Amino acid sequence: MEDKYRTFAYDYDEFGRIEEYLGAEKVFFQQLFSEKQVRTVLDCACGTGQHLYMMSEMGLEVVGSDYSEAMLEVAAKNLAALKKEIPLAQCDFRYLEKIYKEKFDAVVCLTTALPHLLSEHELLTALKSMKSRINDGGVLILTQGTTHYTLSLPSIEVVVNRSDFSRVFVKEQKEGIETIHVLDLYHSLKRTENNQYDIVYKIILDEDYHRLLTAAGFESIEIYGDYDRKPYDKESIRLIVVAQ
Ligand SMILES: C[S@@+](CC[C@H](N)C(=O)[O-])C[C@H]1O[C@@H](n2cnc3c(N)ncnc32)[C@H](O)[C@@H]1O
């Protein structure tokens, strides 16, 4: 499998520094983890480490894995700079049991990471692998920005707008696949450069999650439309799955 983040990794954090995660997301995890008595967490698509840092700050025992060596390299650097010692491993989330023999109270796969898998078969393999690493009574959490509502928005979106840098998403949809062309435009005296990264996602919505998670053996499946835990509907700006 190709590492789609091989070069994007090194500029990924133009979204924001990993310690500057949104307050609402932090409150969501704090409440959920306290309700479900979660103490140990595997972030199986940890990217540059933002949720590992957030959860470690909450006092949880966290470990992170990702398919991309480049993302892991950036995560290691970010976490070291924040004085966090968090175990990281290269691992495809379809085969977590190859690296992790232990189980966790929660497995998380956040910010539109699972939809990188483009077939039902691969998705099911990944969800079963995630389930295999969750303790009895534990929880799986998936989050994504693709929703019925966001799919209806104009195809061009400015997601970072600074005086020295702009990140623009140009989105296309075809036959159940969404391609996001990420255009990074550096426009300062120090750096003038344009880069394009193309991210391809399978469009997975609430009904698909119910079907896939049930097939993978999950019994309780809740789908929220935002971090305030209001139920997902056609106007939601986020899709958050909590499955047990
Ligand atoms: C959009 S990024 C999100 C990263 C991070 N979760 C965040 O919130 O910033 C998606 C991540 O999923 C990872 N990924 C994609 N396919 C994967 C796979 N099969 N196994 C493990 N990680 C994968 C990518 O390498 C990338 O780091």
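In this text the structure is predicted, and so the values were computed from the model without any measurement.

Right, let's get into the sheet that holds strand β7 (residues 165-174). The strand order β6-β7-β8-β9 describes an open sheet built from 4 strands, whose pairing is antiparallel. Each edge of the open sheet carries a strand with a single partner, namely β6 (156-161) and β9 (192-202). Pairs of neighbouring strands in the sheet enclose a mean axial angle of 20°, with direction left out of account.

Bringing the site of the ligand into the picture now. Around the ligand, the surrounding shell holds 22 residues, and the nearest of these are Ala45, Gln50, Asp66, Phe93 and Thr111. Here an oxygen atom of the ligand and a side-chain polar atom of tyrosine 12 are 3.1 Å apart. Notes on the ligand: free accessible area 590 Å², of which the protein chains cover 97%. Taken together, the residues of the shell around the ligand sort by class into 13 nonpolar, 7 polar and 2 charged.

Moving on to the UniProt feature "domain: Methyltransferase" (unreviewed entry) in the protein. As annotated in UniProt, the feature "domain: Methyltransferase" (unreviewed entry) corresponds to residues 41-138 in the numbering used here. Within the segment residues 41-138, helix and strand shares are 35% and 23% respectively, and the terminal C-alpha atoms sit 10 Å apart.

A complete count under the given rule lists 12 aromatic pairs for this structure. Above the ring of phenylalanine 15, the side-chain terminus of arginine 167 is found at 4.4 Å from the ring centroid. A cation over a ring is seen here: arginine 191 above tyrosine 186, with NZ or CZ 3.6 Å from the ring centre.

To continue, consider unusual backbone geometry. Unusually for a residue other than glycine, threonine 111 sits at a positive phi of about 60°. According to the relative accessible area criterion, threonine 111 is partly exposed, its value standing at 38%. In this structure, threonine 112 takes a positive phi of about 55° despite not being glycine. Note on placement: threonine 112 falls in the loop between β4 (104-109) and α4 (120-132). Look at threonine 112 and you get buried, because its relative accessible area is 9%.

Its location among the elements puts arginine 167 in strand β7. Within the local environment of arginine 167, its side chain forms a polar contact with the backbone oxygen of aspartate 11, the two atoms lying 2.9 Å apart. Of note is the side chain of arginine 167, whose polar atom sits 3.1 Å from the backbone oxygen of tyrosine 12. The contact partners of arginine 167, leaving out residues within four places of it in the chain, are Phe8, Asp11, Tyr12, Glu14, Phe15, Glu157, Val158, Val159, Val160, Val182, Leu183 and Asp184.

The next point concerns the pattern of salt bridges. One pass over the structure, following the stated rule, counts 16 salt bridges. Taking the shortest distance from any N to any O, the salt bridge between aspartate 184 and arginine 167 comes out at 2.6 Å. With aspartate 184 in strand β8 (residues 177-187) and arginine 167 in strand β7, this pair connects stretches of sequence that are 17 residues apart. Connected through salt bridges with shared partners, the residues Asp11, Arg191 and Glu193 form a single ionic network.

The element helix α2 (residues 50-57) is largely enclosed, with a buried count of 6 among its 8 residues. Buried residues of α2: His51, Leu52, Tyr53, Met54, Met55 and Ser56, and no others. Along its buried surface, α2 packs onto α1 (23-35), β1 (40-43), β2 (61-66), α3 (69-81), β3 (88-90) and β4.

A separate point is the nonpolar core. Counting 37 residues, the largest nonpolar core has Phe93, Leu114, Met130 and Leu140 as the members making the most contacts within it. For this core, the secondary structure elements donating two or more residues are β4, α4, β5 (134-144), α6 (206-215), β10 (221-224) and β11 (239-243). Here the element with the most residues in this core is α4; it accounts for 4 residues. Residue contacts for methionine 130: discarding those within four places in its chain leaves Cys44, Phe93, Leu96, Val107, Cys109, Leu114, Leu140 and Leu142. Judged by nonpolar contacts, the second largest core, of 27 residues, contains Leu60, Leu110, Ile141 and Tyr224.

What counts and what doesn't
- Residues numbered from 1 in each chain as written.
- Predicted model: local features only at pLDDT ≥ 70, side-chain atom pairs only at ≥ 80, totals over all residues.
- Heavy atoms only, no water.
- Pairing = 2+ DSSP bridges.
- Helix = DSSP H or I, 4+ residues; strand = E, 2+ residues; numbered from the N terminus.
- Axes fitted to C-alpha atoms, helices over the stretch in contact; angles between N-to-C directions.
- Near = heavy atom within 4 Å.
- Polar contact = N/O pair within 3.5 Å; in protein donor to acceptor, adjacent residues only side chain to side chain.
- Areas by Shrake-Rupley, 256 points an atom, 1.4 Å probe, with all protein chains shown as cover.
- Nonpolar A, V, L, I, M, F, W, Y, C, P; charged D, E, K, R; others polar.
- UniProt positions renumbered as here; feature names shortened; annotations may be inferred.
- Phe/Tyr/Trp six-rings, centres within 6.5 Å; stacked < 30°, edge-to-face > 60°.
- Lys NZ or Arg CZ within 6 Å of the ring centre and 35° of its normal.
- Buried < 20%, exposed > 50% of the residue type's maximum accessible area, 1.4 Å probe, protein only.
- Contact = heavy atoms within 4.5 Å.
- Salt bridge = Lys/Arg side-chain N within 4 Å of Asp/Glu carboxyl O.
- Core = buried A, V, L, I, M, F, W, Y, C linked by side-chain atoms within 4.5 Å.

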